[in-house]
Amino acid sequence: MTHDETAPAPPRSTLVITAHAGDFVWRAGGAIALAASRGERVTIACLTYGERGESAKAWRQGKTLEEIKGIRREEAEKAAATLGAEIVFFDAGDYPLLATPELTDQLVGAYRKTQPDVVLTHPLEDPYNGDHPAAARMALDARVLAQAIGYPAEGEIIGAPPVFFFEPHQPEMCGFKPEVLLDITEVWETKRRAMECLAAQQHLWDYYTDLAIRRGVQLKRNAGPNLGLPHTTYAEAYMRPYPQITGELA
């Protein structure tokens, strides 16, 4: 017996490739929360815990390396759960994070497993933190390899998901120019709660709150007047390394 019923389409998938345990929250927490709120699947590939270079408070408290890894892992797990995402840890070691064929291969596996419709990662420039460009380069390389039918990795090949670079901490020094402004107002409180899971980097809570407000001002200015946007609008900024594919200009 045959049926005309078609199987429901799988939910959209977002893959976030991040160098350190906190990066995905500060830079893309709003995008993650928005996708999750729509019932989409979000997977965070966290390459390191940020144990050496992003955990000064714990080092000053006399914690050991393994203790710091545990602290940062727990914080990241709580933040990801708050945003509605799954998180996978690679424990590749930070400061420096080295781009290796083995780690790139693991990312190919992540691409093929998640079959992303959208990819979020770091920009390719950051003179203050080499871990971020290393993560970005591996993210882009793995995306290409995951499309190659002859590449020896498990899973089905992927298409060509659009990539968005999230905003670095020092945008002016990283060649970052906002090309996409994402309105995250409706999930701002969720992002803020996720930020507050990261006690090891509490000094960044207010910085990224202020940044979201500034980007929200830019969003309103570029959206045009009298569109009924809230008085306080929160936003995140992104760049695109590849052209947008569209059937109409909008």
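Peer 1: I would appreciate a short explanation of the overall build of the protein chain in the present structure.
Peer 2: Summing up its helical and strand segments, the protein chain has seven helices and seven strands in all. Element order for the protein chain, N to C, with α for helix and β for strand: β-α-β-α-α-β-α-β-α-β-β-α-α-β. For a compact globule of 250 residues, the expected C-alpha radius of gyration is about 18 Å, and the protein chain comes in at 19 Å, within 12% of that figure. Its C-alpha atoms give the protein chain principal-axis dimensions of about 65 × 55 × 35 Å. The buried share of the protein chain, taken over its 250 residues, is 48%. Expressed as a percentage of contacts within the protein chain between residues at least 6 apart in sequence, the contacts between residues at least 24 apart total 76%. Total accessible area computed for the protein chain in this model is approximately 12,900 Å², and 53% of it derives from carbon and sulfur atoms. A gap of 4 Å separates the mean positions of the 25 positive and 34 negative side-chain charges of the protein chain.

Peer 1: Can you help me understand the sheet that holds strand β7 (residues 235-239) in this one?
Peer 2: In a beta sheet, neighbouring strands are held together by backbone hydrogen bonds and run either parallel or antiparallel to one another. Read across the open sheet, the seven strands follow the order β3-β2-β1-β4-β5-β7-β6; overall the sheet is mixed. Looking at strand neighbours, the two that pair on one side only are β3 (86-89) and β6 (180-183), the edges of this open sheet. Between one strand axis and the next, the sheet turns by 30° as a mean value, whatever way the strands run. Contacts from helix α7 (residues 205-223) reach β6 and β7, with the element oriented near 105° to β6.

Peer 1: Mind showing me how you'd approach the packing of helix α1 (residues 23-37) against helix α6 (residues 188-195) here?
Peer 2: Packed helices, taken two at a time, are described by the angle between their axes plus the distance between the axes. At a minimum axis distance of 9 Å, the contact between α1 and α6 shows a crossing angle of 140°. Here α1 lies oblique to α6, going by the angle between them. Handedness of the crossing formed by α1 with α6: right-handed. Counting all contacts with α1, which are made through Val25, Trp26, Gly29, Gly30 and Ala33, the residues of α6 involved are Thr190, Lys191, Ala194 and Met195.

Peer 1: Please clarify how unusual backbone geometry should be interpreted in this entry.
Peer 2: Trans peptide bonds make up the majority, and among non-glycine residues the majority have a negative phi. Cis geometry marks the peptide bond from Tyr95 to Pro96; its omega dihedral reads 10°. Looking at the secondary structure, you find Pro96 in the loop between β3 and α4 (101-114). Considering the arrangement of structural elements, one finds Tyr95 in the loop between β3 and α4. Its identity is not glycine, yet Gln115 carries a phi of approximately 45°, on the positive side.

Peer 1: In this structure, what is going on with the packing of α4 against helix α5 (residues 131-147)? I would like to understand it.
Peer 2: Interhelical geometry of α4 versus α5 gives an angle of 60° and a closest axis separation of 8 Å. Classified by the interaxial angle, the pair formed by α4 and α5 is oblique. Here α4 and α5 pass one another in a crossing that is right-handed. Each of Leu103, Thr104, Leu107, Val108, Tyr111 and Arg112 in α4 lies in contact with α5, whose residues at this interface are Met138, Ala139, Asp141, Ala142, Arg143, Leu145 and Ala146. The class makeup of the residues in the contact of α4 with α5 is nine nonpolar, one polar and three charged.

Peer 1: What's the story with the nonpolar core in this structure? I'm lost.
Peer 2: One broad rule of soluble globular proteins: the nonpolar side chains tend to lie buried together. Ranked by size, the top nonpolar core spans 40 residues in total, and within it Val16, Phe24, Ile32, Ile44, Ile87 and Leu120 carry the most contacts. When contributions to this core are tallied by element, the ones reaching two or more residues are α1, β2 (41-46), α3 (65-83), β3, β4 (118-121), β5 (163-166), α6 and α7. Here this core takes nine residues from α1, the largest share from any one element. If we skip the residues at most four places from it in the chain, Val16 touches Phe24, Ile32, Val42, Thr43, Ile44, Ala45, Leu120 and Phe166. Residues Ala19, Ala146, Val163 and Phe165 belong to the second largest nonpolar core, which totals 25 residues.

Peer 1: So what exactly am I meant to see when it comes to the packing of aromatic side chains here?
Peer 2: Each aromatic ring pair is characterised by the separation of its centres together with the angle its planes make. Applying the stated criterion to the full structure yields five aromatic pairs. Both rings, one in Trp26 and one in Tyr208, keep their centres 5.5 Å apart while their planes meet at 20°; by these two values the pair is stacked. Within this pair, whereas Trp26 is found in helix α1, its partner Tyr208 is found in helix α7, the two being separated by 182 residues in sequence. Ring plane angle 5° and centroid distance 4.6 Å describe the contact between Trp188 and Tyr234, whose orientation is recorded as stacked. One end of the pair, Trp188, is in helix α6; the other, Tyr234, is in the loop between α7 and β7, and 46 residues separate them in sequence. Tyr234 shares its class with Trp188; the two are buried. Taken together through their ring pairs, the aromatic side chains of Trp26, Tyr207 and Tyr208 make up a single cluster.

Rules used throughout
Residues numbered from 1 in each chain as written. Predicted model: local features only at pLDDT ≥ 70, side-chain atom pairs only at ≥ 80, totals over all residues. Heavy atoms only, no water. Helix = DSSP H or I, 4+ residues; strand = E, 2+ residues; numbered from the N terminus. Rg over C-alpha atoms; globule rule 2.2 N^0.38 Å. Buried < 20%, exposed > 50% of the residue type's maximum accessible area, 1.4 Å probe, protein only. Contact = heavy atoms within 4.5 Å. Areas by Shrake-Rupley, 256 points an atom, 1.4 Å probe, with all protein chains shown as cover. Lys, Arg positive; Asp, Glu negative; His and termini not counted. Charge placed at Lys NZ, Arg CZ, Asp CG, Glu CD. Pairing = 2+ DSSP bridges. Axes fitted to C-alpha atoms, helices over the stretch in contact; angles between N-to-C directions. Parallel < 35°, antiparallel > 145°, perpendicular 65-115°, else oblique. Left-handed = near helix turned anticlockwise from the far one by under 90°. Nonpolar A, V, L, I, M, F, W, Y, C, P; charged D, E, K, R; others polar. Core = buried A, V, L, I, M, F, W, Y, C linked by side-chain atoms within 4.5 Å. Phe/Tyr/Trp six-rings, centres within 6.5 Å; stacked < 30°, edge-to-face > 60°.

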